Amino acid sequence: MQITQELYTYEIITKEQTDVIQKAAACLARSFIGVNVSGKWVQEPMVGQLNLDYDDFYHFTLGYLESTVEQGYCAVAQDIHQNVVGVLAGDTNAPEIIGEDVFEGSFYDMNVILRVLEDVDKRFMEDYKKRHGKDIQDGELLHLFMLGVTAEHGRHEIIQQLGSRLMTKASSQGVKAVLGEATNPKSIRVMEKYHNMKKYIDLEGNYIVHKYQENNKLNGIPANIADGTYILLKEL
C-alpha cells in the first residue's frame, strides 16, 4: 500500500512561484466554500451560512497570499500531478483591527467574518498586553490564518506535515508563539491534535470566543455544527 508521504510532496513556497500561489488560493477557496470528501460535504460554517461566492473568495485568498508569501509561511502539499491539495498559510504581522467594513458588492458579507475575527483578536491583544505590559509586535507571533485541504486521502497527514514545517521554521526564527482562530469544532480538534495548540484562556479564566448564537448574521449556524470562533495558542 502506498503511504501518504509518497502521495504528496511538501514545500514552503516563495513569491516567484506565481502558478503555485494561484493553485494554493484555489485550494483554500474551494475548502472554505465547500468540498465533497468521501460523500460528505465539508465547508467553513460562517462562509456556508453567509453563502459567499467562490470567485470572490478566491480573489480574497489570492490577495492574502500575494501580500504575505514573502514572509515564508505558506506551505503547500502537492500530488503527483502538481495539483495543490493542501495549504496552510500564515504571517507574522501583529494583529490589526480595522474596525470598519472593507468588502463591497457581492463579497459584502465577508465583513461579518472580518468583524468576528477582529472581536476575538482584539480581546486577545488586550489580554496579551495585560500579561506582557506591551503590545504585540510584528514577528512575535505566527498567525495561522487559513488552512485548506481538498485531498480525499491522507487529509490528517497533510495537516500535520504542513503545520510541522511552519512551526519548525517559526521556532528557528525566534517566533514566540503560534496563534490561530478556529471557527468550528473540527478546526479546534485538528489544531489540538496535530499542532498541540490549545484554546486560549484569558486572565479572568475564560475562553476568548465569539458565539454565533449572539450574532444576528450567524445565529442560523446549528450549534451542533459550530458554536463560535475561538482563539488558540501554542508557545514555541
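None of the values given here were measured: they were computed from a predicted structure.

Rules of the game
Residues numbered from 1 in each chain as written. Predicted model: local features only at pLDDT ≥ 70, side-chain atom pairs only at ≥ 80, totals over all residues. Heavy atoms only, no water. Helix = DSSP H or I, 4+ residues; strand = E, 2+ residues; numbered from the N terminus. Buried < 20%, exposed > 50% of the residue type's maximum accessible area, 1.4 Å probe, protein only. Polar contact = N/O pair within 3.5 Å; in protein donor to acceptor, adjacent residues only side chain to side chain. Contact = heavy atoms within 4.5 Å. Expected span 1.5 Å × (residues − 1).

Draft legend 1. Local environment of unusual backbone geometry. Notably, N51 is not glycine yet its phi reads approximately 55°, a positive angle. With respect to the helices, strands and loops of the structure, N51 is situated in the loop between α3 (45–50) and α4 (54–68). Here N51 falls in the exposed class, since its relative accessible area comes to 67%. A positive phi angle, close to 55°, is found at N196, a residue other than glycine.

Draft legend 2. Local environment of the side chain of T61. As for its placement among the helices and strands, T61 is situated in helix α4. In this structure the side chain of T61 is engaged in a polar contact, spanning 3.1 Å, whose partner is the backbone oxygen of A25. Among residues more than four places away in sequence, those in contact with T61 are A25, L28, A29 and M146.

Draft legend 3. Up close: helix α2 (residues 18–33). Relative to the 22 Å expected for 16 residues at 1.5 Å per residue, α2 spans 22 Å between its end C-alpha atoms, a close match to the ideal helical length. Downstream of α2 by a residue or two, G34 has a phi angle that is positive, lying close to 145°.

These figures capture arrangement, not role.
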